[in-house]
Amino acid sequence: LYILARIDIAENDLSAANNNIERAITLRKSIFGAEHPLVAQALTLQAKVYRKTNNDAQAENSLKQAITIWEQLSWPISQDADDTALRTRTLRLLA
């Protein structure tokens, strides 16, 4: 489903991409648990879809969830990193 969502994005079928990524997130959470890196990966793709459809608030929410997972897994952001560094890393993920 994750791969299908990526194909949908490439074909600019953002509605199908959103449906597939939502299903992928649900499936990954049920298989791996909500705090798994594959869930964070899918949430990041979901944020990209939301960003492309101008749903910035939803994009931010998905990305915050992904960042929370990565931080719990020792994602390489120091505890004292300022907001600018975090924003820069986040924007790279959405590119």
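Just above, that's the structure.
Summary of the structure given here.

With that out of the way, let us pick up helix 4 (residues 56-72). Across its 17 residues, helix 4 extends 24 Å between first and last C-alpha, which sits within 8% of the 24 Å expected from 1.5 Å per residue. Taken from the residues just after helix 4, Ser74 is the one with a positive phi, measuring 65°.

Further remarks concern unusual backbone geometry. Located in the positive-phi region is Asn12, a residue other than glycine, with phi close to 60°. Note on placement: Asn12 falls in the loop between helix 1 (2-10) and helix 2 (14-32).

Right, let's get into a nonpolar patch on the surface. Residues Leu1, Ile3, Leu4, Ile7, Leu27, Ile31, Phe32 and Leu38 make up a contiguous nonpolar surface patch of about 700 Å² in total accessible area. Mapped by element, the contributors of at least two residues to the nonpolar patch are helix 1 and helix 2. Relative to the helices and strands, Leu1 resides in the segment before helix 1.

Tyr2, Ile9, Ile21, Leu43 and Leu45 are the most contacted members of the largest nonpolar core, which totals 22 residues. Sorting elements by how many residues they give to this core places helix 3 (residues 37-52) first, with eight residues. When neighbours within four sequence positions are excluded, Ile21 is seen to be in contact with Tyr2, Ala5, Ala42, Leu45 and Gln46.

Cut-offs and rules
Residues numbered from 1 in each chain as written. Predicted model: local features only at pLDDT ≥ 70, side-chain atom pairs only at ≥ 80, totals over all residues. Heavy atoms only, no water. Helix = DSSP H or I, 4+ residues; strand = E, 2+ residues; numbered from the N terminus. Expected span 1.5 Å × (residues − 1). Patch = residues over 30% accessible without salt bridge, like charges linked within 9 Å, V, L, I, M, F, W, Y side chains within 5 Å. Areas by Shrake-Rupley, 256 points an atom, 1.4 Å probe, with all protein chains shown as cover. Salt bridge = Lys/Arg side-chain N within 4 Å of Asp/Glu carboxyl O. Core = buried A, V, L, I, M, F, W, Y, C linked by side-chain atoms within 4.5 Å. Buried < 20%, exposed > 50% of the residue type's maximum accessible area, 1.4 Å probe, protein only. Contact = heavy atoms within 4.5 Å.

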